[in-house]
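Overview (structure and organization)
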Amino acid sequence: LGDKLTGVFDNLTGRGALSEKDVSAALREIRVALLEADVALPVVKDFIAKIKDEAVGDKVIKSIKPGQQVVKIVHDGLVEMLGGSLSDDGKEASAISSQLQLAGRPPVAILMAGLQGSGKTTTSGKIAKFLKDRHKKKVLLASLDTRRPAAMEQLGILAEQTGNGFLPIVAGESAVDIAARAMDQGAKGGYDVVFLDTAGRTTIDEELMAEVAEIAAIAKPVETLLVADSLTGQDAVETAKRFHAQLPLTGLVLTRIDGDGRGGAALSMRAVTGLPIKFLGTGEKLDAIEAFDAERLAGRILGQGDIVSLVERASEVLDAKEAERVAKKMEKGTFDLDDLGKQLGQMQKMGGMGGLMKMMPGMGKMKKQLDAAGGVDDKLLKQQQAIILSMTPTERKNPALLKASRKKRIAAGSGMSVQEVNKLLKMHRQMSDMMKKMGKGGMAGMMQAMGG
Ligand code: GDP
Ligand code: MG
């Protein structure tokens with residue numbers, strides 16, 4: 001999606017004046033892109049209709065940079081549809097707790113609902129860890145998953161790992177009885193928060209739904225969170241709709257965002273239920289949770305800093321074996337000038353530095369600066385490759401050999417200046433330092449992902 005929209009906006013931003021036809025054409029492409037990102041059709045229709053009036057208005061068309069205005073309108077429209085942006089301090093990780101309404105006589109209950117495997121138990125552990133570590137809350141974790149003893153034990157392990165309380169398991173008890181005991185134990189034990197982690201269900205099942213409703217009636221939760229797997233796309237939207245019809249939900253948690261670059265499910269879920277998205281699960285580890293930030297997700301949907309599209313694009317042009325080889329070298333920190341030359345060639349195939357940088361998080365700004373300073377274009381890539389080609393194989397393997405006289409020879413051979421040779425060498429040093437730092441999880445991990 002990122003790619004696609006970036007292309008649309010490139011066309012728009014490059015122009016001085018914009019006709020109504022231009023805007024309509026761009027909106028049509030945005031519509032297709034949103035549908036491809038798994039946003040539900042009615043949601044897309046509403047969205048386009050809403051921004052269209054604004055986008056074709058006189059103010060936009062007659063403005064100096066109409067394309068950028070349209071981008072801004074689309075961006076702001078997405079943010080609004082996703083539930084508005086967080087305050088600035090909301091972007092801090094500590095905003096995890098500000099997403100929750102915990103007022104009330106302690107212990108207050110947080111009820112976790114959702115389909116089996118959506119991430120309820122994991123998310124309970126993640127939020128509980130946060131409340132304890134950052135906010136010194138005393139948290140009791142209670143598993144109501146009477147159907148799967150292993151699920152109960154899983155929560156017990158999470159309680160131990162996070163240093164939170166765990167309601168002892170009593171064999172044969174019903175989920176409703178466990179909820180009552182949890183609230184009782186929460187009060188007696190002086191707990192602030194009690195998590196009620198409900199049973200998984202594979203599909204929406206009336207009996208289980210009635211059970212959760214009964215639990216909610218007993219515990220009167222301050223938060224009833226529906227946990228949904230973002231990878232299930234439209235199904236997650238349907239699930240949210242069905243649960244919302246039967247339970248007084250207070251918010252949504254979207255998990256496995258680490259595996260979904262599109263964010264379309266989030267957009268639809270929010271629009272269809274009107275419920276705030278409170279958290280995003282970003283991995284399996286206990287700290288892999290983010291307070292939901294509409295700005296960030298809108299940026300992601302618009303392809304500003306969309307690393308996933310970079311990876312997708314890269315995988316089209318990168319030879320898998322080559323990627324794996326380079327990844328290994330990066331890990332070892334033996335990324336030499338030969339490798340850099342190959343990388344520059346790959347970058348050219350991927351639309352040059354400009355295309356590449358636009359897709360990397362945080363690089364958008366840097367690209368603007370570079371553009372202002374004369375631009376990074378494919379010409380530069382070719383010049384850099386020419387410099388590398390003027391080196392001997394030994395020099396490429398061992399850049400430390402490159403003293404003044406060799407640099408002079410290389411400059412002459414490539415038709416560049418010594419200064420430009422130095423610039424390239426500096427870039428190579430910075431890249432290999434960065435790669436060493438990022439190690440396996442960073443660039444190399446990404447390259448491996450492309451290869452594999
Ligand atoms: P439950 O049945 O709803 O309680 O789901 P679990 O909490 O047991 O999670 C099911 C699986 O999904 C586990 O293997 C979790 O580690 C994994 N999981 C949960 N949340 C995330 C997430 O945000 N990202 C990833 N990659 N895995 C997750
Ligand atoms: Mg569970």
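Residues numbered from 1 in each chain as written. Chains lettered and ligands numbered in written order. Predicted model: local features only at pLDDT ≥ 70, side-chain atom pairs only at ≥ 80, totals over all residues. Heavy atoms only, no water.

**Examining helix H12 (residues 264-273)**
Counting buried positions along H12 yields eight of ten residues, so the element is predominantly enclosed. Those residues of H12 that sit buried are Gly 264, Ala 265, Ala 266, Leu 267, Ser 268, Met 269, Arg 270 and Thr 273. Immediately downstream of H12, the backbone of Gly 274 shows phi near 75°, a positive value. (Buried < 20%, exposed > 50% of the residue type's maximum accessible area, 1.4 Å probe, protein only. Helix = DSSP H or I, 4+ residues; strand = E, 2+ residues; numbered from the N terminus.)

**Quick notes on the sheet that holds strand S1 (residues 108-114)**
As summarised here, the arrangement of the eight strands in space is S3-S2-S4-S1-S5-S6-S7-S8, forming an open sheet in which the pairing is mixed. Edge positions in the sheet fall to strand S3 (165-166) and strand S8 (289-291), since each of these pairs with one other strand and no more. Here five bridges tie S1 to strand S4 (residues 193-197), and the two strands are oriented parallel to one another. Paired with Ala 109 across the two strands is Val 194, which belongs to S4. Strand contacts of H12: strand S5 (223-229), strand S6 (251-255) and strand S7 (277-281), with the helix running at about 165° to S6, the strand carrying the most contacts. (Pairing = 2+ DSSP bridges. Contact = heavy atoms within 4.5 Å. Axes fitted to C-alpha atoms, helices over the stretch in contact; angles between N-to-C directions.)

**Quick notes on unusual backbone geometry**
Peptide bonds are, in most cases, trans, and in most cases residues other than glycine have a negative phi. Along the chain, Pro 106 connects to Pro 107 via a cis peptide bond; the corresponding omega equals 0°. Secondary-structure assignment places Pro 107 in the loop between helix H6 (95-98) and S1. Of note in this structure, Lys 136 is not a glycine but carries a positive phi near 50°. Note on placement: Lys 136 falls in the loop between helix H7 (120-135) and strand S2 (139-143).

**Observations concerning the packing of aromatic side chains**
Centre-to-centre distance and the angle between the planes together describe a pair of aromatic rings. Counted according to the given criterion, the structure contains zero aromatic pairs. Positioned above the aromatic ring of Tyr 191 is the side chain of Lys 138, whose terminal nitrogen or guanidinium carbon lies 4.6 Å from the ring centre. (Phe/Tyr/Trp six-rings, centres within 6.5 Å; stacked < 30°, edge-to-face > 60°. Lys NZ or Arg CZ within 6 Å of the ring centre and 35° of its normal.)

**Concerning H7**
When the terminal C-alpha atoms of H7 are compared, their 21 Å separation across 16 residues agrees well with the 22 Å that a helix rising 1.5 Å per residue should span. Every buried residue of H7 is listed here: Lys 120, Thr 121, Thr 123, Ser 124, Gly 125, Lys 126, Ile 127, Ala 128, Phe 130 and Leu 131. (Expected span 1.5 Å × (residues − 1).)

**Considering the pattern of salt bridges**
For the structure on display, the rule yields 15 salt bridges. We note a salt bridge from Arg 147 to Glu 211, for which the minimum N-O separation is 3.6 Å. With a gap of 64 residues between them, Arg 147 in the loop between S2 and helix H8 (149-162) and Glu 211 in helix H10 (residues 206-219) connect regions that are remote in the sequence. Of the residues examined, Arg 147 reaches a relative accessible area of 40% and is grouped as partly exposed. Relative accessible area serves as the criterion here: at 15%, Glu 211 is assigned to the buried category. Asp 336 is the salt-bridge partner of Lys 397, the closest N and O atoms lying 3.2 Å from each other. (Salt bridge = Lys/Arg side-chain N within 4 Å of Asp/Glu carboxyl O.)

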